[in-house]
Amino acid sequence: MSDKNITVPVNIDEQAEANQTRRAFLRKSVAVASGAVVAASAAAQAVAAGGQANADTFLTASGDLPIVATSKILGRGVVSVPYGLPSKYEASVVRRNVEWLTPDTIASISFTPWQDVEGIITPSGLHFERTHAGTVDVDPKTHRLVVHGLVERPMIFTIEDLKRFPQKVGTWFLECPANGAMEWNGVQMDSVQFTHGMMSCSEWVGVSLLDIMKAVGVKKEATWFYGEGGDGSGLQRSVPLPGAKDQFGKPLPEFDTTTIYKDIIVAYAQNGEALRPENGYPIRLLVPGCEANMSVKYLRRIKFVDKPLVTYQETRHYTDGMKDGRFRQYTLVNEANSVVTFPVPDKKMAGKGSYEIRGLAWSGRGKIKAVDVSVDGGKTWTEAKLVEPVMSKCFTRFTLPWEWDGKDALVMSRAMDETGYVQPTLKQLIDERGTSGIYHKNSIQTWKVNANGEVHNVQLRSL
Ligand code: CO
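Residues numbered from 1 in each chain as written. Predicted model: local features only at pLDDT ≥ 70, side-chain atom pairs only at ≥ 80, totals over all residues.

Novice: Would you explain the overall build of the chain in this entry?
Specialist: What the chain contains, in helices and strands, is seven helices and 23 strands. Looking at the 463 residues of the chain, the share that counts as buried comes to 40%. For the chain, the share of sequence-separated contacts (at least 6 apart) that also reach a separation of at least 24 residues comes to 71%. (Helix = DSSP H or I, 4+ residues; strand = E, 2+ residues; numbered from the N terminus. Buried ≥ 20, exposed ≤ 12 C-beta atoms within 10 Å, placed from the backbone. Contact = placed C-beta atoms within 7 Å.)

Shown next, in the form of structure tokens:
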């Protein structure tokens with residue numbers, strides 16, 4: 001990754017002859033072109049992957065392991081670090097921001113380093129941050145959640161009150177709909193941290209919205225509610241309930257009104273501990289599968305209403321410019337998406353041989369059903385292995401063995417979710433949406449592996 005994290009846009013249109021279509025999504029592995037995805041024998045694979053065949057020469061004359069520095073000292077005592085921290089050798093694994101992207105770091109965003117995060121859970125300290133008026137420290141003793149509007153019994157809850165409700169636990173991703181937004185008009189960021197770091201995935205614990213709705217007795221006229229935050233931005237977002245129509249009277253899509261609200265929680269814990277301040281301590285709304293802006297942090301109000309609020313956040317931001325110059329509003333769900341997290345531009349390849357292509361796939365509509373991987377720019381595809389667990393509205397890992405022949409390769413992934421929706425190519429997305437928008441860019445990402453081991457972000461814009 002270059003220091004400036006910016007490269008000149010690269011378009012590789014000559015690769016566009018590939019006749020990939022959304023309907024051509026492979027359901028089974030097919031015969032693969034040479035130099036693509038094949039498994040080597042175990043021994044050959046170990047050597048090809050960088051292991052050395054002469055382990056004996058590492059041992060002492062008597063066949064023992066050599067003495068190393070750490071085996072000659074006493075280490076730190078327990079609780080010398082009461083709240084544990086990563087190894088000092090992992091100091092480069094941090095959230096980063098893009099200085100030119102926002103005027104300051106108060107109304108801004110930071111990115112999760114997916115090049116160094118394994119599995120599906122994002123450590124809480126690496127969860128991306130999105131603030132509109134900075135991170136605040138809210139005192140849980142004085143914080144209150146007011147629930148009112150079209151209800152039989154307006155109520156006010158302390159944090160302790162909320163913890164007396166039955167707990168609901170779920171592992172869900174949060175994705176800012178601006179994830180990838182810098183790439184609509186060409187390659188901008190030569191790093192998976194910056195192309196896909198506006199997303200994270202955690203185990204969340206809290207109170208089901210359905211239980212809160214029961215407690216206050218929501219009236220049947222309520223077709224929306226909105227959450228409001230307690231930071232300086234006073235962020236408000238409308239969330240649809242059954243029967244929801246937009247401000248012009250047009251019904252919202254069925255999925256939005258029948259499915260989204262059932263998973264919602266008021267979250268107070270994340271990955272086993274209280275929410276972090278950056279993530280809305282002491283409570284936040286958590287709207288699984290939907291654009292993360294709806295998951296209001298520092299939540300202090302839930303008000304049940306019969307129409308959307310049409311707030312600043314629902315008009316000035318979080319609407320999608322379309323080809324004809326008009327804007328779409330209330331596009332709430334993050335559609336199926338995927339990205340290869342190895343190889344990536346953030347890491348140079350160590351030479352030809354055996355590797356495992358690894359990546360993440362996710363969908364705001366449910367479970368991931370399949371992921372295909374290509375190493376030749378979309379000419380041929382192989383179905384990857386999905387790593388259990390595969391959960392709804394959660395990141396899913398995929399892997400595929402790769403014998404890299406040391407030549408240029410174009411590595412891509414495309415996801416399909418349980419609804420049958422297939423992640424679009426960049427061309428398919430731009431044909432529908434144009435390039436004037438910011439949000440919901442879920443097109444196929446391409447990484448170009450060069451013969452010298454460098455990996456770069458490229459776009460196959462006519463594919
Ligand atoms: Co949207």
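Novice: Got a minute to help me understand the sheet that holds strand 7 (residues 224-229) in this structure?
Specialist: Spatially, the five strands line up as an open sheet ordered 4-3-12-7-8, and their pairing is mixed. Two strands in the sheet have a free side with no partner beyond their single neighbour: strand 4 (155-157) and strand 8 (236-240). The sheet shows a mean angle of 20° between the axes of neighbouring strands, direction not considered. Both strand 3 (residues 145-149) and strand 12 (residues 299-305) contribute to a ladder of four bridges, which runs parallel. Across the sheet, the residue bridging to Val 147 is Ile 302, located in strand 12. (Pairing = 2+ DSSP bridges. Axes fitted to C-alpha atoms, helices over the stretch in contact; angles between N-to-C directions.)

Novice: I'm lost on the sheet that holds strand 19 (residues 385-387) in this one. Help?
Specialist: Within a sheet, each strand pairs with its neighbour through backbone hydrogen bonds, oriented either parallel or antiparallel. If you trace the four strands from one edge of the open sheet to the other, you get 15-16-20-19, paired in antiparallel fashion. Whereas interior strands pair on both sides, the edge strands pair on one side only; in this sheet they are strand 15 (337-342) and strand 19. Sheet twist, expressed as the average angle between the axes of neighbouring strands with direction ignored, equals 30°. Where strand 15 lies against strand 16 (residues 353-362), five bridges are found, and the strand directions are antiparallel. If you follow Asn 337 over to strand 16, its bridge partner there is Trp 362.

Novice: I'm lost on the nonpolar core in this one. Help?
Specialist: Most often, soluble globular proteins have nonpolar side chains that are buried together. If you look at the biggest cluster of nonpolar residues, it comprises 97 residues, and the most contacted ones within it are Val 266, Ala 267 and Val 411. With six residues, strand 21 (residues 409-417) is the largest single contributor of residues to this core. (Core = buried A, V, L, I, M, F, W, Y, C linked by C-beta atoms within 7 Å.)

Novice: How should unusual backbone geometry be read in this particular structure?
Specialist: With glycine set apart, most residues show a phi of negative sign, and most peptide bonds adopt trans. The omega torsion across Tyr 281 and Pro 282 is 5°, close enough to zero to call that bond cis. If you trace the backbone, Pro 282 turns up in the loop between strand 10 (273-274) and strand 11 (284-286). Note the cis peptide between Glu 388 and Pro 389, where omega equals 0°. You can see Pro 389 is positioned in the loop between strand 19 and strand 20 (396-404). A positive phi is found at Tyr 298, a non-glycine position, where the angle reads about 50°. Mapped onto the fold, Tyr 298 is located in the loop between strand 11 and strand 12. According to the C-beta neighbour criterion, Tyr 298 is buried, with 27 such atoms within 10 Å. Positive phi values are uncommon outside glycine, yet His 440 reaches one of about 55°. Mapped onto the fold, His 440 is located in the loop between helix 7 (426-433) and strand 22 (446-449). Looking at His 440, the number of C-beta atoms within 10 Å reads 25, which means it is buried.

Novice: Help me understand the pairing of strand 3, please; the structure alone is not making it clear to me.
Specialist: Two faces make up the sheet, and in a regular strand the side chains alternate between them. Taking every second residue as pointing to the same face, the buried face of strand 3 carries Leu 145, Val 147 and Gly 149, while none of Val 146 and His 148 on the other face is buried. With antiparallel pairing between neighbouring strands as the criterion, strand 3 and strand 4 make up a hairpin whose turn holds five residues.

Novice: Hey, could you run me through the pairing of strand 17 (residues 368-374) in this one?
Specialist: In terms of burial, strand 17 is largely enclosed, as six of its seven residues are buried. Note: strand 17 against strand 21, six bridges, orientation antiparallel. Across the sheet, residue Val 371 finds its bridge partner in strand 21, namely Ala 415. Pairing between strand 17 and strand 18 (residues 382-383): two bridges, direction antiparallel. Bridge pairing in strand 18 places Val 373 opposite Thr 382.

Novice: When you look at the environment of Val 458 in this model, what are you seeing that I'm missing?
Specialist: You can see Val 458 is positioned in strand 23 (residues 455-458). Considered as a pair, Val 458 and Val 187 are 271 residues apart in the sequence and their alpha carbons are 6.2 Å apart.

Novice: Looking at this structure, how should I read the environment of Pro 253?
Specialist: Looking at the element boundaries, Pro 253 is found in the loop between strand 8 and helix 5 (254-258). Counting along the chain gives ten residues from Pro 253 to Gly 243, while the straight-line C-alpha distance between them is 10.0 Å.

Novice: Hey, could you run me through the confidence of the model for the chain in this one?
Specialist: Caution applies to low-pLDDT regions: their predicted coordinates should not be interpreted in detail. Residues with a pLDDT of 70 or more make up 90% of the chain, whose mean pLDDT is 91. Contacts of residues 1-38 to residues separated by more than four positions or lying in other chains number 69 contacts, the stretch itself having pLDDT below 50. (pLDDT = per-residue confidence, 0-100.)

Novice: Is there a simple way to think about the environment of Glu 273 in this case?
Specialist: Here Glu 273 is to be found in strand 10. Residues Glu 273 and Glu 203, 70 residues apart in the sequence, show an inter-C-alpha distance of 10.0 Å.

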